[in-house]
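Overview (structure and organization)
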Amino acid sequence: GIVSSETNGNQRTIVTGSGIPMPEEIMVCDHTQRRFQYRLTLPIFVHHRGTIDVIDLHDDTCLVVYSTEADPRTMALVIGGGTAGALQELKRQMEGAH
């Protein structure tokens, strides 16, 4: 559902397929721990933190885990729905890269 992304320092704005810009603050980008954390900075959120962890399974594969915290909580369901599609696409692209 993301059609574009622009990053300036720790600020990133993604644009959804419906044309909605989603401004974010990148909080963690740790290559050693393979962790990426960000927060949406839209005024509809009291709190948001998304976390993506990549876990090496030591058999030439990995597990990608996405979690989200949101207040209001119902927004976590909305974000999770969009993220599920993104994770499926990531899997499709990575499996095609072999």
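What comes next is a walk through the structure.

Procedures and definitions
- Residues numbered from 1 in each chain as written.
- Predicted model: local features only at pLDDT ≥ 70, side-chain atom pairs only at ≥ 80, totals over all residues.
- Heavy atoms only, no water.
- Salt bridge = Lys/Arg side-chain N within 4 Å of Asp/Glu carboxyl O.
- Helix = DSSP H or I, 4+ residues; strand = E, 2+ residues; numbered from the N terminus.
- Buried < 20%, exposed > 50% of the residue type's maximum accessible area, 1.4 Å probe, protein only.

1. As for the pattern of salt bridges
Counting across every chain of the model gives 7 salt bridges. Across the pair Asp-56 and Arg-34 runs a salt bridge whose closest N-O atoms are separated by 4.0 Å. Residue Asp-56 is found in strand 5 (residues 47-56), and its partner Arg-34 is found in the loop between strand 3 (21-30) and strand 4 (35-40); the two are separated by 22 residues along the sequence. Between Glu-95 and Lys-91 there is a salt bridge, and its shortest N-O distance comes to 3.9 Å. Of the two residues, Glu-95 and Lys-91 are both situated in helix 1 (residues 74-96); the distance of 4 residues between them amounts to about one turn of the helix. Overall, Glu-95 belongs to the exposed group, its relative accessible area being 53%. For Lys-91, a relative accessible area of 46% corresponds to the partly exposed category.

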